[in-house]
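Descriptive structure summary
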Amino acid sequence: MSNPKGAKARNAKTPADRGHDHGHEGHECGEDCGHDHGHSHAVPDARGIYLISPSSAVRDPAAVELARERLQQQGFKTAVDRTAYAEHQRFAGTDAQRLASLTRAAKQKLPIVMVTRGGYGMGRLLSAIDWKAMADSGKRFVGMSDFTAFNLGLLAQTGAVSYTGASAVYDFGGKKVDDLTEALFGEVMRGELEILSFETQDADPVDARGILWGGNLAMVTSLLGTPYMPKIRGGILFLEDVAEHPYRIERMLIQLWQAGILAKQKAIVLGRFSDYKLAPHDKGYDLHEVVAWLRKTVKVPVITGLPYGHVATKATLPIGQKVGIATEDGLAHLVLDEHHY
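Reading the values: rules and limits
Residues numbered from 1 in each chain as written. Predicted model: local features only at pLDDT ≥ 70, side-chain atom pairs only at ≥ 80, totals over all residues. Heavy atoms only, no water. Phe/Tyr/Trp six-rings, centres within 6.5 Å; stacked < 30°, edge-to-face > 60°. Helix = DSSP H or I, 4+ residues; strand = E, 2+ residues; numbered from the N terminus. Buried < 20%, exposed > 50% of the residue type's maximum accessible area, 1.4 Å probe, protein only. 1 Å grid on protein atoms, 1.4 Å probe; cavity = no way out; pocket = protein on both sides within 12 Å on 5 of 7 lines; lining within 4 Å. Points joined across faces, edges and corners; volume = space filled by probe spheres on them. Nonpolar A, V, L, I, M, F, W, Y, C, P; charged D, E, K, R; others polar. Salt bridge = Lys/Arg side-chain N within 4 Å of Asp/Glu carboxyl O. Contact = heavy atoms within 4.5 Å. Core = buried A, V, L, I, M, F, W, Y, C linked by side-chain atoms within 4.5 Å. Expected span 1.5 Å × (residues − 1). Polar contact = N/O pair within 3.5 Å; in protein donor to acceptor, adjacent residues only side chain to side chain. Pairing = 2+ DSSP bridges. Axes fitted to C-alpha atoms, helices over the stretch in contact; angles between N-to-C directions.

Notes on the packing of aromatic side chains
The geometry of an aromatic ring pair is captured by two quantities: the separation of the ring centres and the angle between the planes. One pass over the structure, following the stated rule, counts nine aromatic pairs. With 5.3 Å between their ring centres and 45° between their planes, Trp131 and Phe150 make a pair best called tilted. In this pair, Trp131 is assigned in helix 3 (residues 131-136) and Phe150 in helix 4 (residues 148-158), connecting sequence segments 19 residues apart. We classify Trp131 as buried; its relative accessible area is 6%. Look at Phe150 and you get buried, because its relative accessible area is 0%. Their ring planes at 80° and their centres at 5.2 Å tell us that Phe238 and Tyr308 sit as a pair that is edge-to-face.

Observations regarding the layout of surface pockets
The space that makes up the largest pocket amounts to roughly 350 Å³. Lining the largest pocket are 15 residues, and of these Gln201, Asp202, Arg272, Thr304 and Gly305 lie nearest its centre. Residue contributions to the lining of the largest pocket peak at four residues, all from strand 12 (residues 267-274). When its residues are assigned to classes, the lining of the largest pocket shows four nonpolar, seven polar and four charged.

Observations regarding the pattern of salt bridges
By the definition in use, this model includes 10 salt bridges. Between Asp45 and Arg47 there is a salt bridge, and its shortest N-O distance comes to 2.8 Å. Lys132 is the partner of Asp136 in a salt bridge, and the nearest nitrogen-oxygen pair spans 2.5 Å. Here the residue Asp136 and the residue Lys132 both occupy positions in helix 3, the gap between them amounting to four residues, near one helical turn.

Some words on the side chain of Glu244
Turning to its location among the elements, Glu244 is positioned in the loop between strand 11 (236-242) and helix 8 (246-258). Once you skip the residues sitting within four places of it in the chain, Glu244 turns out to touch Ile249, Met252, Ser274 and Tyr276.

So, the nonpolar core
Ranked by internal contacts, the top residues of the largest apolar core, which has 97 residues, are Phe150 and Phe185. The element contributing the most residues to this core is helix 9 (residues 287-298), with six residues. In contact with Phe150, not counting residues within four places along its chain, are Leu102, Met122, Leu126, Ile129, Trp131, Met134 and Phe141.

Re helix 9
Taking 1.5 Å of rise per residue, the 12 residues of helix 9 would be expected to cover 16 Å, and the 16 Å separating its terminal C-alpha atoms lies within 8% of that figure. On its buried face, helix 9 sits against helix 8, strand 12 and strand 13 (302-304). Two to three positions downstream of the cap, the backbone nitrogen of His288 sits 3.1 Å from a side-chain oxygen, assigning the N-cap of helix 9 to Asp286. Positive backbone phi, at 60°, marks Lys299, one or two positions downstream of helix 9.

A closer look at the pairing of strand 16 (residues 331-335)
Most of strand 16 sits out of view: four of its five residues are buried. Judged from the five bridges that link them, strand 8 (residues 193-199) and strand 16 form a sheet pairing that is antiparallel. The residue bridging Glu199 from the neighbouring strand is Leu331, located in strand 16. What sits between the antiparallel neighbours strand 15 (residues 322-328) and strand 16 is a turn of two residues, in which Gly330 has the positive phi angle 75°.

With respect to unusual backbone geometry
For Asp275, which is not glycine, the phi torsion reads 60° and is therefore positive. For Asp275, the location among the structural elements is in the loop between strand 12 and helix 9.

Some thoughts on the sheet that holds strand 6 (residues 140-143)
Taking strand neighbours across the sheet as the criterion, the six strands line up as 4-3-5-6-7-14 in an open arrangement whose pairing is mixed. The sheet is open, and its two borders are formed by strand 4 (77-80) and strand 14 (317-319), each paired with just one other strand. The average undirected angle you get between the axes of adjacent strands in this sheet is 30°. As paired strands, strand 3 (residues 48-52) and strand 5 (residues 112-115) are joined by four bridges and run parallel to one another. Bridge pairing links Tyr50 to Val113 in strand 5. Across the sheet, helix 6 (residues 179-189) is in contact with strand 3, strand 5, strand 6 and strand 7 (162-164); its angle to strand 6 comes to roughly 165°.

In structure tokens, the structure reads:
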């Protein structure tokens, strides 16, 4: 499979389930951490998706219903949590309602839990979530943006793998569904994706493996100094953001660098940083300059071009899973399933 934006996937002959190893709060995870960040190589259960709204309120319930139709066309049975359309101020219900929806999601029968949308609100819930129950449920939680706080909190508190990428409204509830986004989501949920290859115009040489982690840059940075920030050494850190001027992106990267996070990684993979506006007084200072600063300062291999972010074409990625990353001229390869390698 390929697309004009340069991403393609290779399908596994042996589908893989995600193995979890819980109960390592405070432990720093690296290549030899002793926790299972890999696969059991059983066929993942992809029968259906349970939709929840743990952050901002859904503005148009019809978009969720359209997303359900499209997911059902892909072969996923769907169900919507009873408070998915709730509203309280800017949130999808009160904190108690949104927390209860997570609890119900962990107990219901469908194997995949997908957020309807991001926005804001997950940070309010982190200290009240029963993380062991989330991990022990075996559900595959999928979301992005504000949901990064859940992804990383689950990893930090339990070591369990969760997913970032597709969400219901943004990716399946609009006028058109991106073909590659749809295909990659299905392949990852069914355990069929071995390698995600993408074009990169600006990548450092690297051939490494480590725990894949990251997500929305602002959310990652917001977790510094909290129990919900994973302690990852030798990892593959990937980042994206939306509507953040390059100086704000650089400021957050500086914070991660000065906190000692960036230098511990084997590679930093940059997705899309979209929907920002430069000003006349920037005088040439742009995202390219930020990447140049990052390379010069941190001295960790940097790979650009990951199809991930607040954009139409995006991969669904496993946070907390051990992966490989390698580059060659104009291409990067993210090895999600190393069973055959």
